[in-house]
Amino acid sequence: MENKVYLEMRNIKKSFNGVKVLKGVSLQVQKGEVHALLGENGAGKSTLMNILGGVHQPDSGSITIEGRDVKMSDPRESKANGVSFIHQELNVVPDLMVYENLFLGTEIKNKFGFLHVEEMCRQTADILGRLGVDIHPKSYVRELDNSYKQFIEIAKSLLHKSELIIMDEPTSSLADHEVERLFTFIRNLKETGVSIIYISHKLKEIEEICDRFTVLRDGELAGAGIVKEFKLDQITKLMVGKAISNERFEHKEIQDTVLLEVNNLSTEGLYKNINFSVKAGEVVGFTGLAGDGRTELFESIFGYRKKYTGQIKVRGQVLKIDHPQKAVKAKIGFVPKNRKENAIIKDLSVIHNMSLSSLSKFNRNGLLDQSLERKRFRYYKDLLNIKVHDPNITIDKLSGGNQQKVMLAKWLEADPDILIFDNPTQGIDVGAKQEIYEQILALAAMGKAIIILSSEAPEILRLCQRIYVMYQGEIVSSFNGNRATEDMIMSYATGAKREDEQIG
Amino acid sequence: MNRLANPELKEPAKQGSAMGSAKSRLTWIWSEYSVIIAFVIIFILAAIVSPRFLDINNQLNILMQVSIIGIVALGMTVVMLSGGIDLSVGSVLALVGVLTVLALNATGSILVGILTALASGVIIGLLNGLLVAKGKIASFIATLGMMAGARSIALYIAEGGSISGEVSGFTAIANTELWVIDVPIIIFILMAVLVYMLMHKTSFGRHVYALGSNEKAALLSAIRVDRVKIAVYSLAGLLVSVAAIIETSRLNSISSSSSGMQYELDAIAAVIIGGTRMTGGRGKVIGTFFGVLILGILNNMMNLMNVSPHLQGFVKGAIIIVAVVFQKRE
Ligand SMILES: Nc1ncnc2c1ncn2[C@@H]1O[C@H](COP(=O)(O)OP(=O)(O)OP(=O)(O)O)[C@@H](O)[C@H]1O
Ligand SMILES: [Mg+2]
């Protein structure tokens, strides 16, 4: 590959409200390479990309594309300079159809000035087909699974001819095989000379797809290099300052009390005949591919979905849970996936997001004890290492990973006995992931029942004592965590194999 | 081992960032306090244009004139923060007024009159809330229906005209002064403080903001979203009934055809000028308070300057649009 520099960002500085977020960062991307941009949560990756994408203006510094000085004064300008941006948080409009989302703002019109629907649908089907995604261009986005929404975001950026594509955590809600399809696509793009800036906290992906990397740390450049010349450990160390182990966690003893038992739970079209139980102190995992129904299953158990048949028993008592409030009364907690849609209250401050599900704790004669709220937040800030300068700012100002940590804090504060985590480490950096896993295991050791939903097999394998694999709404297999392997999980998750009795 | 992509990294810091942060702090102050700044500017302008403006009697007069709309606008703020809107406030004010006078005249008891007002206001608000929360009807439609319905019933009961109170003490409510301040002003300020406390210091307020900002996330946070909505509209109804008591008491009569006419527009205008976002989740009670005062000063100024009453609507409209344009800029 010839080393032709495509993009150069030099000495970029940016502060928000007097807090220095980027302290003179430089980044160089070559033509036709996949360049990994790495760093801890809050290191400044998204901010740097927002500057390149014209969302924010730098306080100082320069950007050149193929030697030309450019000024990205707004997102349109950036697009005109050949830059596409896949944002960290999904921006799809749920009430529009797939093709309408793809062409939002760039609709194709026919010669009479009317929308050229067929052409847009054709192009939509074409691009989704090339990404290996099978959805109808005229289905409504609100009815789609999360990973499809992420693919729509990706497809949107591919529609327009661009020379540089920024992918800010494009795989945070994709399953492994979907990631593979994305990578095939990225490789094809590379062939045609497109450069890609790839942000991810999944080091396996970096190793697989990226050519060179740049690491940011606290808004400064911590290092850069060629991926192949470094071991992943070294890169991790650059990012978080320490090596991270990948070993399975040791578990404490499981107690005999069954906290949650589910019998024959079914909802037409979502999942059927679900049976399982979780004991105090146990960590149970549910995994599968998109559309396996696990999220819907636990949304029902949490009372968000009401129309189900079958039985939910909490501590041996049959409960009719038809509202999340009732679930919380029964001491069930649920950290939903896709925080932007399901969890973040973007107009409330960081502290107020943390306390939202446990306000009764802060109630003093009808008024909220705000100093207690601050105190509790400081506790979680230290515990989970939440990076925030002023917790009174609205939560959307936090970096993605730090928003996720606040959501975890919110449910830790609610202190349930049964805690369901759906994709809990979405957007969390490798170092913090380790700490969060340790927190989760500490909860189990305290006698809580933990349920983890994840499409990342390694995460499930490291954490769980029992693993259920779901396929198209059914539990097709269950494993003892010690004996399971990624391949075993995959063969059941893809429907290649199925067997209803238990192994191990 | 770090192959730095750029060798000239250790360049000394430039001045730019310090200047940038000062600027961003300024925009922050502007976005947080723009209503108050606008209020101060308009206040000073009014004082320059018309010397009579600063007269204490004129000041109290302004406050007196805005107190009724102000109380209605407080309720509207809560509804709009929750992501809804209440178009029925004007008609409901007329209906509650009519019912109050009827109860007053029938029993001769001021207390019964007041209780009738409060109860009917809450019940109508509750009805709005049920339509929105349980009937899943868009608040715009539900309260538009209530607007037409309530006005019609008020007209029917009063046979299209006004009805007057026959109990002597009732007018004292709106026409008494404590020291030099009229009671309606005191009630308005008191209500503003109470609604402020409710929205910023209690769980209910937190729930309303959460609901207006992201309803699904609020539900998944175990908030009883339906109940919060019902409570929001009931509270708005309650505040309308307080305003109705003052309105009726002031002239000792209520007109089924003209009382409360277009109050919803003035209330919504005050809320918007006060910086509350139309789609909910963002805004402040203090903002509405100053929004109401701004509207009051503009009216007063135009009266002092003898602007034709027919043109006053135009000026008000322009101000609302300017206010919204400024908010959009953040
Ligand atoms: N609009 C804003 N106002 C104030 N602070 C901000 C704003 N945007 C970002 N920040 C701060 O800048 C820092 C860097 O955030 P950024 O989103 O760039 O991190 P990141 O590297 O993308 O992290 P993550 O991996 O969690 O996504 C954070 O501490 C964040 O709080
Ligand atoms: Mg980010």
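This one's a predicted model, so the numbers in the text were calculated from it and none came from an experiment.

Trainee: Which parts of the structure should I look at to understand the pairing of strand β9 (residues 212–217) of chain A?
Mentor: Residues and elements named next belong to chain A. With 5 of its 6 residues buried, β9 lies for the most part within the structure. In this sheet, β9 lies alongside strand β3 (residues 34–39) in parallel orientation, the contact comprising 5 bridges. Within β9, the position partnered with Gly39 by the bridge is Leu216. When β9 meets strand β10 (residues 220–226), the two strands line up antiparallel, connected through 6 bridges. Its bridge partner being in β10, Val215 is matched across the sheet by Gly223. Where β9 folds back on β10, the antiparallel hairpin that results is connected by 2 residues, among which Asp218 adopts a positive phi of roughly 50 degrees.

Trainee: Before we go on, may I ask you to explain the packing of helix α7 (residues 183–201) of chain B against helix α12 (residues 285–304) of chain B in this structure?
Mentor: Each packed pair of helices is defined by two parameters, the angle between the axes and the distance between the axes. All names here are of chain B. Two elements in contact, α7 and α12, have axes separated by 9 Å at closest approach and are oriented at 155 degrees. Between α7 and α12, the crossing angle belongs to the class labelled roughly antiparallel. Contacts between α7 and α12 pair Phe188, Ile189, Ala192, Val195, Tyr196, Met199 and His200 from the former with Val285, Ile286, Phe289 and Val292 from the latter. Along the lines of polarity and charge, the residues of the contact of α7 with α12 split into 10 nonpolar, 1 polar and no charged.

Trainee: In this structure, what is going on with the pairing of strand β7 (residues 164–168) of chain A? I would like to understand it.
Mentor: Side chains on a regular strand alternate between the two faces of the sheet. Residues and elements named next belong to chain A. By the criterion of burial, β7 is predominantly enclosed, with 5 of the 5 residues buried. Alternating residues of β7 divide into Leu164, Ile166 and Asp168 and Ile165 and Met167, and every residue in both groups is buried. In this sheet, strand β8 (residues 195–199) lies alongside β7 in parallel orientation, the contact comprising 5 bridges. Counterpart to Leu164 in the pairing with β8 is Ser195.

Trainee: What is the right way to read the packing of aromatic side chains from this model?
Mentor: Any aromatic ring pair is given by two values, namely how distant the centres are and how the planes are angled relative to each other. Residue and element names in this part refer to chain A. On inspection of all chains with the given rule, the structure shows 16 aromatic pairs over all chains. With centroids separated by 5.1 Å and ring planes inclined at 85 degrees, the aromatic side chains of Phe213 and Phe230 adopt a geometry described as edge-to-face. Note that Phe213 is positioned in strand β9 and Phe230 in the loop between β10 and α8 (232–240), a separation of 17 residues in sequence. Note on Phe213: relative accessible area 0%, which makes it buried. Considering the side-chain rings of Phe286 and Tyr468, the 4.9 Å spacing of their centres and the 20 degrees angle between planes classify their relative orientation as stacked. Of this pair, Phe286 sits in strand β13 (residues 283–288) while Tyr468 sits in strand β21 (residues 466–471), and the two are 182 residues apart along the sequence.

Trainee: In this structure, what is going on with the interface of chain A and chain B? I would like to understand it.
Mentor: By a widespread convention, an interface's size corresponds to the accessible area lost as its parts come together. Every contact between the two is made by 52 residues of chain A and, on the other side, 44 residues of chain B. A buried area of about 3,900 Å², summed over both sides, lies between chain A and chain B, and 54% of it is on carbon and sulfur atoms. Put simply, chain A and chain B have 3 salt bridges between them. The residue Arg282 of chain B makes a salt bridge to Asp347 of chain A at a minimum N-O spacing of 3.5 Å. Summed over the shared surface of chain A and chain B, the result is 12 residue pairs in polar contact (both at pLDDT 80 or more). For the side of chain A that touches chain B, the leading source of residues is β10 of chain A, giving 6 residues. Here the residues of the side of chain A that touches chain B sort into 21 nonpolar, 19 polar and 12 charged.

Trainee: Which parts of the structure should I look at to understand the confidence of the model for chain B?
Mentor: Residues shown with low pLDDT carry predicted positions that ought not to be read at fine detail. Residues and elements named next belong to chain B. When pLDDT is averaged along chain B, the result is 86; 89% of the residues meet or exceed 70. Per-element confidence in chain B is highest for helix α8 (residues 203–213), whose mean pLDDT is 96, and lowest for helix α1 (residues 16–49), whose mean pLDDT is 71. Here residues 1–20 is a poorly scored stretch, pLDDT under 50, and it has 31 contacts once near neighbours within four places are set aside; other chains count. Note on the complex model: pTM 0.88, ipTM 0.86.

Reading guide: rules and limits
- In this numbering scheme, every chain counts its residues from 1 along its sequence in written order.
- Whichever chain is written first becomes A and whichever ligand is written first becomes 1, with later ones labelled in order.
- Under the rules for a predicted model, residues below a pLDDT of 70 receive no local features and side-chain atom pairs below 80 are neither given nor counted, while totals for whole chains, interfaces and linings still include all residues.
- For side-chain calculations, the full set of non-hydrogen atoms in the structure is used, while hydrogens and water are omitted.
- Each residue is assigned to one of three classes by its accessible area relative to the maximum for its type, calculated with a 1.4 Å probe on protein chains only: buried under 20%, partly exposed between the two thresholds, exposed over 50%.
- Here a strand is any run of E in DSSP of at least two residues, a helix any run of H or I of at least four, and the numbering for each starts at the N terminus.
- Strands are treated as partners if at least two bridges between them are detected by DSSP.
- Under this scheme, a helix contributes an axis fitted over its contacting stretch, all axes are lines through C-alpha atoms, and angles between N-to-C directions fall in the 0 to 180 degree range.
- Convention used here: angles under 35 degrees read as roughly parallel, angles over 145 as roughly antiparallel, angles from 65 to 115 as roughly perpendicular, and any remaining angle as oblique.
- Here, residues are in contact when the closest pair of their heavy atoms is within 4.5 Å.
- Each residue receives one of three labels: charged for Asp, Glu, Lys and Arg, nonpolar for Ala, Val, Leu, Ile, Met, Phe, Trp, Tyr, Cys and Pro, and polar for the others, Gly being one of them.
- Stacked, tilted and edge-to-face are the three classes applied to pairs of Phe, Tyr and Trp rings, where Trp contributes its six-membered ring and a pair requires centres within 6.5 Å; stacked means planes under 30 degrees apart, edge-to-face means over 60, and tilted covers the rest.
- When two parts are brought into contact, each loses some accessible area as probed by a 1.4 Å sphere; the total of that loss over both is the buried area.
- For salt bridges, the criterion is a side-chain nitrogen of Lys or Arg within 4 Å of an Asp or Glu carboxyl oxygen.
- What qualifies as a polar contact is a pair of N or O atoms within 3.5 Å, subject to a donor-acceptor requirement within protein and to the restriction that residues adjacent in sequence count only when both atoms come from side chains.
- Note on scores: pLDDT gives the predictor's confidence for each residue, bounded by 0 and 100.

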